[in-house]
Amino acid sequence: SMLRLFRKDSESLVITFGMENVGLNFSSLVAFDMDLFGEIELGALLEIKRIIPCLFSGIHDINIPQLELSAESIEDPKVEGIGSSSVANTTSSLVQSIFDAFSADFSEALPIFFDTTLRQSINGLLRSFRNEQSGGCRSSLRKSGVVDFRELFLSEPMSKTLGGGGNSPYGDLFRSLNDFVNKNFVQTDDVDEENSINKFVQYVTKKQSNVSGEIAIMG
């Protein structure tokens, strides 16, 4: 964890400390309303920013009954960022004194804070967000019966260049998936001029047959 204190005309003071053997106990309860889920229109899910709100519109209730965080030990704090050694030593001594006095209380209060204050705040935010989506999830996409793949997979400028409308009538989900595949699997590496999917196939086939690009089938 880090605490940073600074002003425009002063040095930056950074206080860091760590926790060992951190444990988290978490549970959640979600009640779905299948009638509400049935009212979600598929077209609305084609817009990335609407996916989570639409899924929440089909939830009857959501609750986190348990959220506990504990740490076996807390490491001594470290103070950094002060140029003057005398000021640094004084600050470190002060921080260490405070830590020694309250570290045990902090360790005991940490699980209580997470399971009461923080958990209740998160539950309130989740329910508030769910209530905001109670109006249903309708699609704003056009229903022409014909899918233009330029509009479905390409960016708006590229679609327009190739003769499409360039106005994303089918949302941005498939376009984003297409960009992800191109960047991570199809795009050529600048170093060896080979794309990731070829490297993956070469790796898998060599593991299986000891020959890159070949699959050995015994029969």
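In case you missed it, the structure is sitting above this.
What you are looking at is a predicted structure, and each value in this text was computed from that prediction instead of being measured.

Rules used throughout
Residues numbered from 1 in each chain as written. Predicted model: local features only at pLDDT ≥ 70, side-chain atom pairs only at ≥ 80, totals over all residues. Heavy atoms only, no water. Helix = DSSP H or I, 4+ residues; strand = E, 2+ residues; numbered from the N terminus. Contact = heavy atoms within 4.5 Å. Areas by Shrake-Rupley, 256 points an atom, 1.4 Å probe, with all protein chains shown as cover. Patch = residues over 30% accessible without salt bridge, like charges linked within 9 Å, V, L, I, M, F, W, Y side chains within 5 Å. Salt bridge = Lys/Arg side-chain N within 4 Å of Asp/Glu carboxyl O. Disulfide = S-S within 2.5 Å. Buried < 20%, exposed > 50% of the residue type's maximum accessible area, 1.4 Å probe, protein only. Phe/Tyr/Trp six-rings, centres within 6.5 Å; stacked < 30°, edge-to-face > 60°. Core = buried A, V, L, I, M, F, W, Y, C linked by side-chain atoms within 4.5 Å.

1. Considering the overall build of the chain
What the chain contains, in helices and strands, is 7 helices and 5 strands. Going residue by residue from the N terminus, the α and β elements of the chain occur as β-β-β-α-α-β-β-α-α-α-α-α. Restricting to contacts in the chain with at least 6 residues of sequence separation, those with at least 24 account for 62%. Total accessible area computed for the chain in this model is approximately 15300 Å², and 58% of it derives from carbon and sulfur atoms.

2. Points about a nonpolar patch on the surface
Residues Phe 180, Val 181, Phe 185, Val 186, Ile 197, Phe 200, Val 201, Tyr 203 and Val 204 make up a contiguous nonpolar surface patch of about 800 Å² in total accessible area. When contributions to the nonpolar patch are tallied by element, the ones reaching two or more residues are helix H6 (173–186) and helix H7 (196–209). Ranked by residues supplied to the nonpolar patch, first place goes to H7 with 5 residues. Tracing the chain through its elements places Val 204 in helix H7.

3. Things to note about the state of the cysteines
According to the stated counting rule, one finds 1 disulfide in the structure shown. Across a sulfur-sulfur distance of 1.6 Å, Cys 54 and Cys 137 are joined as a disulfide pair. In this pair, Cys 54 sits in helix H2 (residues 48–57) while Cys 137 sits in the loop between helix H3 (85–132) and helix H4 (149–153), placing the two residues 83 residues apart along the sequence. For Cys 54, a relative accessible area of 1% puts it in the buried group.

4. Notes on the side chain of Ser 57
Residue placement: Ser 57 occurs in helix H2. If sequence neighbours within four positions are ignored, Ser 57 has contacts with Leu 36, Ile 40, Arg 130, Gln 133 and Cys 137.

5. Brief notes about the packing of aromatic side chains
Evaluation of the coordinates by the stated rule reveals 6 aromatic pairs. Plain terms: the ring middles of Phe 17 and Phe 106 are 6.4 Å apart, the flat faces sit at 90° to each other, and that makes the pair edge-to-face. Taken as a pair, Phe 17 in the loop between strand E2 (13–16) and strand E3 (19–32) and Phe 106 in helix H3 lie far apart in primary sequence, 89 residues in all. By relative accessible area, Phe 17 is classed as partly exposed at 27%. Judged by relative accessible area, which is 36%, Phe 106 ranks as partly exposed.

6. Let's talk about the nonpolar core
Formed by Phe 56, Ile 59, Ile 62, Ile 64, Leu 67, Leu 69, Leu 110, Phe 114 and Leu 126, the largest nonpolar core amounts to 9 residues. Taken together, the elements giving at least two residues each to this core come down to strand E4 (59–74) and H3. No other element matches E4, which puts 5 residues into this core. Those residues in contact with Ile 62 that lie beyond four places of it in its chain are Leu 29, Val 30, Phe 56, Leu 126 and Arg 127.

7. Brief notes about the pattern of salt bridges
This structure, assessed with the given rule, holds 5 salt bridges. Between Arg 127 and Asp 61 there is a salt bridge; the shortest N-O distance is 3.4 Å. Here the residue Arg 127 occupies a position in helix H3, and Asp 61 occupies one in strand E4, the gap between them amounting to 66 residues. The partly exposed category is assigned to Asp 61, whose relative accessible area is 32%. Close ionic contact of Asp 148 with Arg 150 constitutes a salt bridge, the shortest N to O distance being 2.8 Å.

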